[in-house]
Amino acid sequence: MTCLSLSSLVALSFPAGAGAGVAFAPSVSLPTGTAPSAVASADVNRDWRPDLITANDVVGDDVSVLVSAGAGVFAPATNFSFGASPVAIAAGDFDWDNRVDLVTVDRGSDTVSARRGMVGGTFGAPTVIPVGAAPAGLVLGDVTGNGAVDIVTADAGANTVTVVREVSGSGWDSPVGFQVGATPRSVAAGDLDDGYYRDLVTANAGGNSVSVLMNTMPSMAAPITFAPAVDYPAGSAPSAVALGDFDRDGQVDIATANPSTSSVSVLLNTGSGFSAPTSFSVDGTPQSIAVGDFNSDMTQDIATGSTAESTVSVLVSDRAGGFAAARVFGVGAAPKGIAVGDFNADAATDIAVASSGANAVSVLMSKPAADLSSASLTFGTAGAPVPQGALSGTQGVTITNDGGVSMAIAGFMFGGANAEDFLVSADTCREALAPDRSCTVWVRFVPQAQGTRAATLNIVSNDPANPSVQLQGFAGPPQGGATGLQGPKGDDGDTGPKGDTGAKGDAGTPGSKGDAGANGARGDAGASGAKGDRGTKGDAGPQGPAGKAGQIRLVTCTTRTVRGRRVRRCETKTIEGSTSFTTAATARASLTRDGRVYATGTASRSTGLRLRTRGAVPAGRYTLTLRYRQARQQITVTAKVTLR
């Protein structure tokens with residue numbers, strides 16, 4: 001087990017949201033080489049922004065690299081030659097020089113091609129390595145536990161997976177093959193049993209199953225070994241597989257894309273195996289699958305790309321192993337490969353697909369989405385109108401952020417023919433709305449004329465859909481009716497007779513006057529006390545030394561049996577970076593990079609930050625995300641940290 005401890009930070013602060021909402025802006029198409037069949041995301045030019053890379057299967061036998069210019073904008077593609085008919089691509093750092101290296105699966109030659117990253121975002125000459133027949137799937141990872149990046153392929157023509165071990169940044173060992181189910185078209189790597197080494201899972205299109213290979217290597221220097229594959233039923237003819245913790249129990253689960261049944265199958269990890277598959281409907285014919293947190297609730301969701309329908313389906317997790325109904329988004333023609341990442345630096349997960357039929361990569365940027373409790377409000381009726389000039393009762397509209405990005409509501413504007421007849425009486429929308437959070441605006445009708453009055457309430461926000469509410473009011477005559485004309489003055493009446501004078505009453509007898517009381521004697525005044533002298537002001541104390549900067553320490557421990565004794569070895573690394581929080585609340589925390597969650601845990605002012613990872617956490621740049629609730633608001637803060 002690997003733990004991250006944060007002991008010297010004075011404070012932590014986080015926002016966060018949770019819920020089922022997810023939304024994306026219309027897809028943006030970026031030209032690539034001919035017929036891209038796969039896409040990956042990595043920081044090719046070391047500017048801390050994820051770039052896009054596609055493997056182009058037809059004509060060019062090349063790879064297209066699209067460098068990010070920031071804010072979701074990418075430079076035109078640059079193409080690099082690779083092997084024959086590259087159908088899959090992955091990025092990693094083989095030689096530990098902090099530059100991105102690339103590997104493709106070359107269907108036309110039953111090989112993989114590896115090219116090392118060079119200065120300036122270019123690539124060196126390819127190294128060609130033979131693998132099994134008709135390779136289709138590819139994953140990179142430290143399968144052998146030596147901290148290096150190994151290559152694993154799914155060989156559809158040989159019913160095998162091939163593992164190529166990297167030798168500490170200097171090259172590769174000979175490929176080793178392992179038997180799996182029929183026609184494996186995709187492979188994924190992850191720690192399925194909470195051990196030290198990564199295990200493998202394949203999606204077997206010919207066997208309607210997944211094969212699980214548990215890593216049995218006794219040490220990182222030992223030969224590569226796996227237990228015999230165990231097959232579990234999945235959907236019909238699964239074409240792709242991905243791993244994630246879908247029920248938040250800390251164990252790695254399996255998901256497959258099943259094109260023949262328009263579904264995704266989820267197999268939950270039980271600790272001793274995997275559950276029977278649960279099927280969730282998606283659009284069309286899903287050929288690719290990816291995992292990411294698309295609604296910022298720190299739970300992994302699923303995205304698929306459907307080739308025939310040119311759509312992406314997103315399944316949002318319910319945090320218990322289930323998923324809400326799929327939400328469908330249009331992309332470029334014939335999407336095949338799929339990748340996730342934060343492509344516009346808004347702390348939300350975006351999606352990229354290789355649109356083979358459009359010779360492009362299509363990007364879906366996560367966005368806020370205003371879900372209104374009512375699309376229209378009506379004040380009064382034709383039979384009971386609101387009097388002209390009178391103020392109606394209030395009616396409210398609740399605005400819920402149904403997207404994956406915080407919504408900022410700048411205010412409200414009235415438009416339309418009778419905009420002056422309506423007003424906002426109050427609102428609770430002064431703070432940013434995290435995903436799945438709500439606020440309310442209340443509106444009143446003040447008719448300036450009689451008849452039917454109409455206007456539009458426009459919600460000014462960062463939702464590109466520009467949400468609005470239609471307003472209608474029925475206005476009648478002013479209250480009490482109209483005042484009539486003043487009538488003429490009447491004639492003066494006759495003067496009445498003078499009345500008799502009344503009799504005078506008798507005078508009353510005056511009362512006697514009482515004697516005045518004697519005044520009391522006045523006491524002498526007391527003497528005033530003397531005023532004390534003012535004390536002198538003390539000298540200012542010396543300034544204390546500056547506090548020590550906080551740091552995150554990464555401790556990786558392994559336990560092995562040597563000559564009958566259990567020996568524990570721990571390695572300590574330092575993650576550079578800092579953040580702050582201002583609450584005593586316990587927060588959820590995660591360490592991510594390129595859309596992948598490497599560690600999760602909790603944080604508080606009393607205990608600091610403790611994260612738990614599965615397997616190794618390689619050196620590099622990560623995003624530390626901290627989330628907590630304060631004053632009934634979900635707060636999230638992110639910080640970039642570097643693992644040395």
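Keep in mind that this is a model prediction, so the values were computed, not measured. (Residues numbered from 1 in each chain as written. Predicted model: local features only at pLDDT ≥ 70, side-chain atom pairs only at ≥ 80, totals over all residues. Heavy atoms only, no water.)

(A) Region of interest: the overall build of the chain. Looking only at helices and strands, one finds zero helices and 47 strands in the chain. Residues counted as buried form 49% of the 644 residues belonging to the chain. Counting contacts in the chain only where the partners sit at least 6 residues apart, residues at least 24 apart contribute 53% of the total. (Helix = DSSP H or I, 4+ residues; strand = E, 2+ residues; numbered from the N terminus. Buried < 20%, exposed > 50% of the residue type's maximum accessible area, 1.4 Å probe, protein only. Contact = heavy atoms within 4.5 Å.)

(B) A look at the nonpolar core. Membership of the largest hydrophobic core comes to 22 residues, with the highest contact counts inside it found for Ile399, Ile409 and Phe412. Those elements that provide at least two residues to this core are strand 33 (376–379), strand 35 (395–401), strand 36 (409–415), strand 38 (438–445), strand 39 (451–461) and strand 40 (468–476). The greatest single-element share of this core, amounting to four residues, is contributed by strand 38. With residues up to four places along the chain from it excluded, the contact list for Phe412 reads Ile399, Val424, Asp427, Cys429, Val441, Leu457, Asn458 and Ile459. (Core = buried A, V, L, I, M, F, W, Y, C linked by side-chain atoms within 4.5 Å.)

(C) Highlighting the sheet that holds strand 11 (residues 111–115). Strands sit in the order 9-10-11-12 across an open sheet of four strands; the sheet is antiparallel. Unpaired on one side and paired on the other, strand 9 (86–92) and strand 12 (127–130) mark the two borders of the sheet. Taken pair by pair, the neighbouring strands of this sheet meet at an average axis angle of 20 degrees, ignoring direction. Bridge analysis of strand 9 against strand 10 (residues 101–106) gives six bridges, and the strand direction is antiparallel. Bridge pairing in strand 10 links Ala90 to Val103. (Pairing = 2+ DSSP bridges. Axes fitted to C-alpha atoms, helices over the stretch in contact; angles between N-to-C directions.)

(D) Looking closely at the side chain of Ser64. With respect to the element layout, Ser64 can be found in strand 5 (residues 62–66). For Ser64, a relative accessible area of 0% gives the class buried. A polar contact is formed between the side chain of Ser64 and the side chain of Asn56, at a distance of 2.9 Å. Among the polar contacts listed, one links the side chain of Ser64 to the side chain of Asn79, at a separation of 2.5 Å. Setting aside anything within four residues of it in sequence, one finds Ser64 in contact with Thr32, Gly33, Leu52, Ile53, Thr54, Asn56, Ala77, Thr78 and Asn79. (Polar contact = N/O pair within 3.5 Å; in protein donor to acceptor, adjacent residues only side chain to side chain.)

(E) Quick peek at the pattern of salt bridges. With the rule as written, the count across this model stands at 11 salt bridges. For the salt bridge of Glu420 with Arg453, the shortest nitrogen-to-oxygen distance reads 3.8 Å. Placement of the pair is Glu420 in the loop between strand 36 and strand 37 (422–427) and Arg453 in strand 39, with a sequence separation of 33 residues. As a salt-bridge pair, Asp427 and Arg430 come within 3.0 Å of each other at their nearest N and O atoms. By relative accessible area, Asp427 is classed as buried at 18%. Among the charged side chains, a network of salt bridges with common partners joins Glu420, Asp421 and Arg453. (Salt bridge = Lys/Arg side-chain N within 4 Å of Asp/Glu carboxyl O.)

(F) Geometry of the sheet that holds strand 26 (residues 301–306). Read from one edge of the open sheet, four strands run 25-26-27-28, paired in antiparallel fashion. With partners counted over all chains shown, the strands left at the sheet margins are strand 25 (286–292) and strand 28 (327–330), one partner each. Sheet twist, expressed as the average angle between the axes of neighbouring strands with direction ignored, equals 25 degrees. Across four bridges, the pairing between strand 27 (residues 311–315) and strand 28 is antiparallel. Looking across to strand 28, one finds that Thr311 is bridged to Gly330.

(G) View of unusual backbone geometry. Residue Ala237 is not a glycine yet carries a positive backbone phi of 50 degrees. For Ala237, the position within the fold is in the loop between strand 20 (230–233) and strand 21 (240–244). Judged by its relative accessible area of 24%, Ala237 falls in the partly exposed class. Its identity as a non-glycine residue notwithstanding, Ala347 has a phi of 65 degrees, on the positive side. Mapped onto the elements of the fold, Ala347 is located in the loop between strand 29 (335–341) and strand 30 (350–355). Classification of Ala347 as partly exposed rests on a relative accessible area of 48%.

(H) Geometry of the pairing of strand 23 (residues 263–267). The buried count for strand 23 comes to five of five residues, which makes it a mostly enclosed element. Of the two faces of strand 23, the one holding Ser263, Ser265 and Leu267 and the one holding Val264 and Val266 are both buried throughout. As defined by bridge partners, strand 22 (residues 253–258) adjoins strand 23 across five bridges and the pair is classed as antiparallel. Opposite Ala257, over in strand 23, you have Val264 as the bridge partner. Hairpin connection from strand 22 to strand 23: four residues lie between these consecutive antiparallel strands, with Ser262 at a positive phi of about 50 degrees. Here strand 23 runs beside strand 24 (residues 278–281); their pairing, made up of four bridges, is antiparallel. Opposite Val264, over in strand 24, you have Phe280 as the bridge partner.

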